[in-house]
Amino acid sequence: MAEERFRKEETLEMRQRLIGQSCRLFYSEDPVKIVKARGQYMFDENGKRYLDCISNVQHVGHCHPAITKAATAQMDLLNANSRFLHDNIVLYADRLAATLPKKLSVFYFVNSGSEANDLALRLAEQYTRHEDVVVLDHAYHGHLKSLIDISPYKFRKLAGQKEWVHVAPLPDTYRGIYREEHPNPGQAYADTVKHLIEEINKKGRKIAAFFAESLPSVGGQIILPQGYFSKVAEHVRSAGGVFVADEVQTGFGRTGTHFWAFQLQGEDFCPDIVTMGKPMGNGHPLACVATTVEIAGAFTANGVEYFNTFGGTPVSCAIGLAVLDVIEKEDLRGNAIRVGAHLKDLLKKLQQRHEIIGDVRGVGLFVGLELVIDRRTKTPATKTAALVVKRLKEEDRICVSTDGPWESVLKFKPPMCFSMEDAELVVRCIDRILTDMEAKNLKLENEDI
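Residues numbered from 1 in each chain as written. Predicted model: local features only at pLDDT ≥ 70, side-chain atom pairs only at ≥ 80, totals over all residues. Heavy atoms only, no water.

1. Description of helix α2 (residues 65–77)
Here α2 is 13 residues long and its end C-alpha atoms lie 18 Å apart, about the 18 Å a rise of 1.5 Å per residue gives. Of the positions making up α2, those classed as buried are Ile67, Ala71 and Gln74. Summarising the axial view, the buried residues of α2 lie within an arc of 75°, below the 170-degree limit, and thus occupy one face. Among the exposed residues of α2, those pointing more than 90 degrees away from its buried face are Lys69, Asp76 and Leu77. Looking at the buried residues of α2, the elements they touch are α3 (87–97) and α10 (314–329). (Helix = DSSP H or I, 4+ residues; strand = E, 2+ residues; numbered from the N terminus. Expected span 1.5 Å × (residues − 1). Buried < 20%, exposed > 50% of the residue type's maximum accessible area, 1.4 Å probe, protein only. Arc of directions from axis to C-beta. Contact = heavy atoms within 4.5 Å.)

Next up, the structure:
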């Protein structure tokens, strides 16, 4: 174990003094100090091991030796501004193009998902010459000012909704306006976007883009109904807008069956712009926008050069290529299918034993467990979810977090090397905690949530 500079208490005191307090820690009451990690496991300053169900950034596993080797070898040779000609950027773009529909063939490399989404907004506005954007309720697209403006998850707590931003209902078939029993929820939710666009046009405004996460994550690990994206794309394009798929949380094979989550909507569906980030660099800041020749051409035609000092450097692209190699060589998509299905199946069995589990949903290693006080009214069990997370960390050294509008969904987006045994351990521990809470008749929730 590497020698520590400071005791945990000293590190915490310095952080509270030196780092902005809005930069919150996981488990802020008693943070975990992590000094080392490998695969899906993290180790604290005392050498205690934690199972990581949170870090979808470390996509192929913490400190993967193949990634470290590729990064250090390239760093030892060259790391220069991407305005110099170099093979890595074109090799990497070519490899990414092979995973996407043919029409998405032009790439812009940036440093973060936020930068990617901001650039996607610029591309859409330049191409369409329109300004307005349609987003899904509870969406989060990044921390830049432009993205706070199109993220209901954030702007509702801040300055509020801009006149050029329009919010469509989240296509949540568990607790949304159209549910599982609806004969065609995909069509019904797409119609809400159609009606919204009609209202926008009546005001004399025109939409530049429809912006959506391919699987809404902050919204509560939502699996979108079939046919939704295709129908929405028809409405958006007929109104002169473009369709942007945000794959920052879900790309690079997390769903298992497909490389990109938007592909779950059918082979005939293709967005006009795709943004990607978090998993690309396995923890290295690397992100990207993929788009069509036509949209890229309109962006070039404005006569203003686009450059990104650190986007697409030789080191970044060497790391990106290594991540793609590991996904293939270690069959991490296959692992996501097998382990994700096992995890979901075990959680479904748990649901039969615990009334508080309202819904289990997910695909691959993107899984949500929604806790409710009452299955009929679906009242969110926010405090119980928080207590389960706290006890998993304290009693079992398992790191899980919550999401959803009421923070009542336990979310699982672990590194893709997550194993069958890991899934079984997590479910066993959740079962024990819920059983204990039920035995003690522990009722935390207020009815007024």
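2. Regarding the state of the cysteines
Inspection of every chain in the model, using the stated rule, returns zero disulfides. Distance from the sulfur of Cys53, which forms no disulfide, to the nearest cysteine sulfur (Cys399) is 7.7 Å. The closest cysteine sulfur to the non-disulfide-bonded Cys417 is located on Cys63, 11 Å from its own sulfur. (Disulfide = S-S within 2.5 Å.)

3. Overview of empty space enclosed by the protein
Applying the stated criterion to the full structure yields one cavity of 30 Å³ or more. In terms of lining residues, the largest cavity is bounded by Asn81, Ser82, Phe84, His86, Asn88, Ile89, Gly312, Thr313, Pro314 and Cys317. Among the elements of the structure, α3 and α10 are those that each provide at least two residues to the lining of the largest cavity. Residue classes in the lining of the largest cavity are distributed as four nonpolar, six polar and no charged. (1 Å grid on protein atoms, 1.4 Å probe; cavity = no way out; pocket = protein on both sides within 12 Å on 5 of 7 lines; lining within 4 Å. Points joined across faces, edges and corners; volume = space filled by probe spheres on them. Nonpolar A, V, L, I, M, F, W, Y, C, P; charged D, E, K, R; others polar.)

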